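One-letter residues, chain by chain:
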Amino acid sequence: MTDAIDSTEIDLATADIDRRGFLNCMAWAGTGLLWTMSGGVPKSGLLGAKPPGKNELFFVQISDSHIGFNKAANADVTATMQAAISKINALPVAPAFLLHTGDISQLAKASEFDTADQVLRDSRTKDVFFVPGEHDVGTDNGRQYLDRYGKAAQRAGGAGGWYSFDHSGVHFIGLVNVFNLKAGGLGSLGGEQLEWLEKNVKHLASSTPIVVFAHVPLWSAYPEWGWGTDDGAKALSYLKKFGSVTVLNGHIHQTMQKVEGNVTFHTALSTAFPQPRPGTAPAPGPMAVPAGHLKDVLGITQVRYLAKHNHLAIVNDTLSGASPDTAMAAGEAAARASVPAAAASAPVQRGTVSIANFAFTPKVLEISKGDRVTWKNDDDVPHRIQSTKVAFAASPVLDTRASYDVVLKEAGEYDYFCSLHPMMTGKIIAR
């Protein structure tokens, strides 16, 4: 792994490439297709098996390893992360570096980061660049993550772990959009980081190809589930002068992609578990798929510059090599069927708020002042209760089956949200 980043950036390679044609394509290669853009019209063709050439930039994105997760969707996330690294090691040419786009861990525990680091040490590619996910910073405001992976970025002036570097004539920008999340909101970059970004790119020639990587999608992939960044459009406005911009994200555990003007957006598969596609299930979250098909929905993203075509190919490889579509559809159907049964079998007790399917039930709870309120996490992912107006102490991160109690002594309305998944909001009314 690398810690070689500073405010003046570093040039890690000297390959001479044509910048103007860079990053003009996307690929969905679970099916082996290479998508190119010609005059704004997408064209597809089979991606050849020819390995990257000597002067071609080639790197791999991995995401959402969630080391420490051990629920029904995947009881051994370490093994599937190891499988992803083995797939990378088996490539005919070693990538120049890896990008990990966040949620390395499940609960930001030292032991989880230790395990992830050990798995990554088995990669024959040693340079790894990170950005955090909300699971990496939720328990301690990012202290452990920044101590391990963000020291060079902090030296460069990015106190929250953002940074940039140069490779093969391409400018890479690692952004952080998982701190200081607001109730009902999406991912957030914040004013300090946006100011840094504007200054960071101001000196660059418009012909410079740009790659931005962050955890939560910078575009509105599906705001209903929190899949977007509140101030992402502002960040992208600083990149309008560049002819070619690619944005790589994680968070949603599936591939989504679009081209909008000069910007190509792409989200990556997870190495841990899938989430439902937008609107196909009652809520996001870890999704079990039929036995034997987990590796159909996990994977890596290969990214390489194709000198012959003067563009970047983004290729999604599942760990099994099979298309994820069938397994995803089966998992989504099962998720839809499970909700009525779960609701019927788990009535909410008086004074209790159930956390399930990324929602608080009841959304509005009425109590008498002086009563105790208990939140119980029935989800397969952690949540953290936070008062919108700091009217009561925030909970610790609540893993599955954990609970949190507060006594509200004064009459009033108490708005709250999940600080890990801020689209989740609720209210307590004490009379």
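Residues numbered from 1 in each chain as written. Predicted model: local features only at pLDDT ≥ 70, side-chain atom pairs only at ≥ 80, totals over all residues. Heavy atoms only, no water.

On to the overall build of the chain. Along its length, the chain carries eight helices and 22 strands. Residue pairs in contact within the chain that sit at least 24 positions apart in sequence constitute 70% of those at least 6 positions apart. Surface summary for the chain: the accessible area is close to 17,300 Å², and the carbon and sulfur share equals 50%. (Helix = DSSP H or I, 4+ residues; strand = E, 2+ residues; numbered from the N terminus. Contact = heavy atoms within 4.5 Å. Areas by Shrake-Rupley, 256 points an atom, 1.4 Å probe, with all protein chains shown as cover.)

Turning our attention to the packing of aromatic side chains. Per the stated rule, a full pass over the model turns up 23 aromatic pairs. On the basis of an interplanar angle of 85° and a centroid distance of 5.6 Å, the ring pair of phenylalanine 97 and phenylalanine 165 is categorised as edge-to-face. With a gap of 68 residues between them, phenylalanine 97 in the loop between α1 (77-89) and β5 (98-100) and phenylalanine 165 in strand β7 (residues 163-167) connect regions that are remote in the sequence. Through successive ring pairs, a cluster of aromatic residues spans Phe59, Phe97, Phe129, Tyr163, Phe165, Phe172 and Phe213. Across from the ring centre of phenylalanine 69, 5.6 Å away, lies the NZ or CZ of lysine 71, which sits over that ring. One cation-aromatic arrangement involves lysine 258 over phenylalanine 265; the distance from NZ or CZ to the ring centre is 5.4 Å. (Phe/Tyr/Trp six-rings, centres within 6.5 Å; stacked < 30°, edge-to-face > 60°. Lys NZ or Arg CZ within 6 Å of the ring centre and 35° of its normal.)

Strand order in the open sheet made by the four strands is β17-β22-β21-β19, with mixed pairing throughout. Looking at strand neighbours, the two that pair on one side only are β17 (364-367) and β19 (385-387), the edges of this open sheet. Here the strands of the sheet are splayed against their neighbours by 25° on average, with no regard to which way each runs. Pairing geometry for β19 and strand β21 (residues 412-418), over three bridges, is antiparallel. Bridge pairing links serine 387 to tyrosine 416 in β21. (Pairing = 2+ DSSP bridges. Axes fitted to C-alpha atoms, helices over the stretch in contact; angles between N-to-C directions.)

This paragraph deals with helix α2 (residues 110-121). Along an α-helix, residues three or four positions apart point the same way, because every turn accommodates 3.6 residues. Across its twelve residues, α2 extends 16 Å between first and last C-alpha, which sits within 8% of the 16 Å expected from 1.5 Å per residue. If you check which residues of α2 are buried, you get Glu112, Phe113, Ala116, Asp117, Val119 and Leu120. Projected down its long axis, α2 shows its buried positions confined to an angular sector of 160°, all on one face. (Expected span 1.5 Å × (residues − 1). Buried < 20%, exposed > 50% of the residue type's maximum accessible area, 1.4 Å probe, protein only. Arc of directions from axis to C-beta.)

Below, the discussion takes up the nonpolar core. Ranked by internal contacts, the top residues of the largest apolar core, which has 36 residues, are Val60 and Ile88. If you list the elements that add at least two residues to this core, you get β4 (58-62), α1, α2, β6 (128-130), α4 (143-149) and α8 (325-345). If you tally residues by element for this core, the top one is α1, at six residues. Those residues in contact with valine 60, other than ones at most four positions away along the chain, are Ile88, Leu91, Pro95, Phe97, Leu98, Leu99, Ile300, Thr301 and Gln302. Counting 33 residues, the second-largest nonpolar core is a separate cluster that includes Leu175, Leu197, Trp227 and Phe242. (Core = buried A, V, L, I, M, F, W, Y, C linked by side-chain atoms within 4.5 Å.)

Per-residue pLDDT for the chain averages 85, and the proportion of residues at 70 or more is 82%. Throughout residues 1-49 the model reports pLDDT below 50, and contacts reaching past four residues in sequence, or to other chains, amount to 142 contacts. (pLDDT = per-residue confidence, 0-100.)

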